[in-house]
Amino acid sequence: MFEGLEKLGLSGLKDDDLFPTPEEKPKTDSPKKAEAAKKEEKDILYDKTYKCPICENEFKARTVKVGKAKLRSADMDLRPVYQDFDVLKYDAIVCDACGYASLTRYYGPMGSTQEKLIRENICKSFKGINNDLEVFTYDDALVRHQLALANAMVRKGKSSEKAYILLKMGWLVRGKRALRESEGADKKELDELAKMEDSFLSKAYVGFSDAMSKENFPIAGMDESKFTLLCAELARRNKDYPVAKKLISQILTSKSFPSNIKERTRDLFEVLKEECKE
């Protein structure tokens, strides 16, 4: 999960301290494609000022302008797919002075014990990061999400927070894979990216399963119906078919879950039935 953070000064962070399983180092995006994307994305981004809750440094982070991202569709695991560009790349906020990082949903003050853990395990070793990029490649975004995951882990954040970061990392790898496929990448690279996505989503499933039994709704900003649908899809992807069937049944028999969630669940059930035939 943390491979590549060594160049930012952070080492010794182990996957086993999160929910065990290894990950693979992402490959660099095509410079030519990144340059083309830069021309599209820069006009819908602006620099938002943040104050770091750890070191009180004021810094700017690239942020998507409200109303500028046009939603095209959503994947079965709720990943939003936007028209023209992937705004998911801009959700991790990183202080370039001390290395504190978080998704925007979780960014803000914390307890003194958590602050101490971040100072000792992140800030002391952090070597800096470039916050002046005009647009982010998928690799830029993944490094920032890795830092957010490292921070959540060392300050002992909730399972749902760590799982949500892992989910978004899986979404980013999916976006990168689609990009590389459109650029004609070979099968070996595409397969490696698919394996990386599966690794992130597998760990996200572990974290969300833990959160389901320990945390109250909303969980990671999701109500019970949306969260249950997400967990059902992650269970299917991880071939945990008994749990997937149980959660699907829970949604379809609920009298309170909205009709759009039930409709998506019926689609998921059809996919599950086909897989179980194989």
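Relevant structure appears above.
Scope of this entry: the structure provided in the associated data block. If you're wondering where the values come from, they're calculated on a predicted model, not measured in any experiment.

With 5 of 7 residues buried, strand E2 (residues 58–64) lies mostly within the body of the structure. Pairing between strand E1 (residues 45–51) and E2: 7 bridges, direction antiparallel. Each residue of the ladder has a partner; that of Tyr 50, found in E2, is Phe 59. Linking E1 back to E2 in an antiparallel pair, the connection comprises 6 residues, with Glu 56 at a positive phi of about 65°.

Take the side chain of Asn 131 next. Following the sequence through the fold, Asn 131 ends up in the loop between helix H2 (112–123) and helix H3 (138–154). Looking at Asn 131, its side chain comes within polar contact range of the main-chain oxygen of Val 94, at 2.9 Å.

Moving on: the layout of surface pockets. Approximately 660 Å³ is the volume attributed to the largest pocket. Taken together, 28 residues line the largest pocket, and the ones lying closest to its centre are Pro 80, Tyr 82, Leu 88, Tyr 164 and Lys 168. Elements with a contribution of two residues or more to the lining of the largest pocket: E1, E2, strand E3 (71–74), strand E4 (80–82), helix H4 (159–182) and helix H8 (259–277). Among the elements that take part in the lining of the largest pocket, H4 stands out by supplying 4 residues, more than any other.

Following the criterion strictly, the structure yields 6 aromatic pairs and no others. Where Tyr 50 meets Tyr 107, the ring centres are 5.1 Å apart and the plane angle is 65°; that geometry is what we call edge-to-face. Placement of Tyr 50 in strand E1 and of Tyr 107 in the loop between strand E6 (101–103) and H2 is noted, with a sequence separation of 57 residues between them. Among the residues examined, Tyr 107 registers a relative accessible area of 16% and is labelled buried. Ring centres of Phe 217 and Phe 227 lie 5.6 Å apart, and the angle between their planes is 70°; on these two criteria the pair is classed as edge-to-face. Linking Phe 217 in the loop between helix H5 (187–214) and helix H6 (224–237) with Phe 227 in helix H6, this pair joins segments that are 10 residues apart in sequence. Assessed through its relative accessible area of 0%, Phe 227 is described here as buried. What links up through ring pairs into an aromatic cluster is the set Tyr 50, Phe 59, Tyr 100 and Tyr 107. One Lys or Arg, Lys 89, reaches over the ring of Tyr 138 and ends 5.2 Å from the middle of that ring. Of note, Arg 144 hangs over the ring of Phe 136, and the distance from its end group to the ring centre comes to 4.3 Å.

With that settled, the discussion passes to the state of the cysteines. Going through the model one piece at a time under the given rule, you end up with 0 disulfides. Cysteine Cys 95 shares no disulfide, and the gap to the nearest cysteine sulfur, in Cys 55, comes to 3.7 Å. For Cys 95, a relative accessible area of 0% corresponds to the buried category.

Our next topic: empty space enclosed by the protein. Inspection of every chain in the model, using the stated rule, returns 1 cavity of 30 Å³ or more. Each pocket or cavity is described by its volume, and for the largest cavity that value is around 60 Å³. Lining the largest cavity are Lys 60, Ala 61, Arg 62, Ala 92, Ile 93, Val 94, Asn 131, Phe 136 and Arg 144. Breaking the lining of the largest cavity down by element, the ones donating at least two residues are E2 and strand E5 (92–94). Looking at the lining of the largest cavity, its residues break down into 5 nonpolar, 1 polar and 3 charged.

Right, let's get into the nonpolar core. In terms of nonpolar packing, the biggest core is built from 77 residues, with Leu 5, Tyr 100, Leu 147, Leu 167 and Phe 208 touching the most fellow members. Take this core: its biggest share by element is 11 residues, from H3. If near-sequence neighbours (up to four positions away) are discounted, Phe 208 is found in contact with Ser 160, Ala 163, Tyr 164, Leu 167, Ala 220, Met 222, Phe 227, Leu 230, Cys 231 and Leu 234. Ranked by size, the runner-up nonpolar core spans 8 residues in total, among them Ile 44, Val 64, Phe 85 and Val 87.

This brings us to H8. Along its 19 residues, H8 runs 27 Å from first to last C-alpha, staying within 8% of the 27 Å computed at 1.5 Å per residue. Among all positions of H8, only Ile 261, Lys 262, Thr 265, Leu 268, Leu 272 and Glu 275 are buried. Buried residues of H8, viewed axially, fall in a sector of 120°; they line one side. Those residues of H8 that are exposed and angled more than 90 degrees off the buried face are Ser 259 and Lys 277. Considering only its buried residues, H8 is in contact with H6 and helix H7 (241–253).

So, how was this worked out
- Residues numbered from 1 in each chain as written.
- Predicted model: local features only at pLDDT ≥ 70, side-chain atom pairs only at ≥ 80, totals over all residues.
- Heavy atoms only, no water.
- Buried < 20%, exposed > 50% of the residue type's maximum accessible area, 1.4 Å probe, protein only.
- Helix = DSSP H or I, 4+ residues; strand = E, 2+ residues; numbered from the N terminus.
- Pairing = 2+ DSSP bridges.
- Polar contact = N/O pair within 3.5 Å; in protein donor to acceptor, adjacent residues only side chain to side chain.
- 1 Å grid on protein atoms, 1.4 Å probe; cavity = no way out; pocket = protein on both sides within 12 Å on 5 of 7 lines; lining within 4 Å.
- Points joined across faces, edges and corners; volume = space filled by probe spheres on them.
- Phe/Tyr/Trp six-rings, centres within 6.5 Å; stacked < 30°, edge-to-face > 60°.
- Lys NZ or Arg CZ within 6 Å of the ring centre and 35° of its normal.
- Disulfide = S-S within 2.5 Å.
- Nonpolar A, V, L, I, M, F, W, Y, C, P; charged D, E, K, R; others polar.
- Core = buried A, V, L, I, M, F, W, Y, C linked by side-chain atoms within 4.5 Å.
- Contact = heavy atoms within 4.5 Å.
- Expected span 1.5 Å × (residues − 1).
- Arc of directions from axis to C-beta.

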